[in-house]
Amino acid sequence: MSDKKPETIESLEDLTGEIQKSPEGFKLKIRVSANSKKNSFEFLDDDPAGNIIKIKINKPAVDGKANKAIIEYLSELLNTPKSNISILNGEKSSQKCLLIKPKNNIIR
């Protein structure tokens, strides 16, 4: 990982040192905080669970509302269709692993 973290996510290229490449796309570990005042994210350094970013979502963690909001938020940030982002594990946890399928081949 690089020492300098971007302040915004302009594309998946900003996270290439932070995520795992897989045949299906990219795996990103996140920690979620629901019921926040606004949607936002911050990069985490040395998180014991290996999470890369913390995402704050303004929806409650009830009936999948926060999960849906995470996908919508990342879709906007990454300019990627919502259908290209899925939760691999952690649907009922604040610790999640996401699969992000890029619109085009960013990492070769």
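Above this text you will find the structure in question.
What comes next is a walk through the structure. Predicted model, so just to flag it, every value in this text is computed and none were measured.

Definitions and cut-offs
- Residues numbered from 1 in each chain as written.
- Predicted model: local features only at pLDDT ≥ 70, side-chain atom pairs only at ≥ 80, totals over all residues.
- Heavy atoms only, no water.
- Helix = DSSP H or I, 4+ residues; strand = E, 2+ residues; numbered from the N terminus.
- Buried < 20%, exposed > 50% of the residue type's maximum accessible area, 1.4 Å probe, protein only.
- Areas by Shrake-Rupley, 256 points an atom, 1.4 Å probe, with all protein chains shown as cover.
- 1 Å grid on protein atoms, 1.4 Å probe; cavity = no way out; pocket = protein on both sides within 12 Å on 5 of 7 lines; lining within 4 Å.
- Points joined across faces, edges and corners; volume = space filled by probe spheres on them.
- Nonpolar A, V, L, I, M, F, W, Y, C, P; charged D, E, K, R; others polar.
- Pairing = 2+ DSSP bridges.

Next up on the list: the overall build of the chain. Helix and strand counts for the chain stand at one helix and six strands. Looking at the chain as a whole, 38% of its 108 residues are labelled buried. Accessible surface computed for the chain: about 6700 Å², of which carbon and sulfur atoms make up 44%.

Our next topic: the layout of surface pockets. Looking at the largest pocket, its volume works out to about 190 Å³. Residue lining of the largest pocket: 13 residues in total, with Ala-61, Asn-67, Glu-91, Lys-92 and Lys-96 positioned closest to the centre. Split into classes, the residues belonging to the lining of the largest pocket amount to five nonpolar, four polar and four charged.

Both strand 1 (residues 20-22) and strand 2 (residues 25-33) contribute to a ladder of three bridges, which runs antiparallel. The partner of Ser-22 across the bridge, within strand 2, is Gly-25. Remark: two residues form the turn of the hairpin made by strand 1 and strand 2, two consecutive strands paired antiparallel. When strand 2 meets strand 6 (residues 95-100), the two strands line up antiparallel, connected through six bridges. Paired with Leu-28 across the strands is Leu-98, a residue of strand 6.

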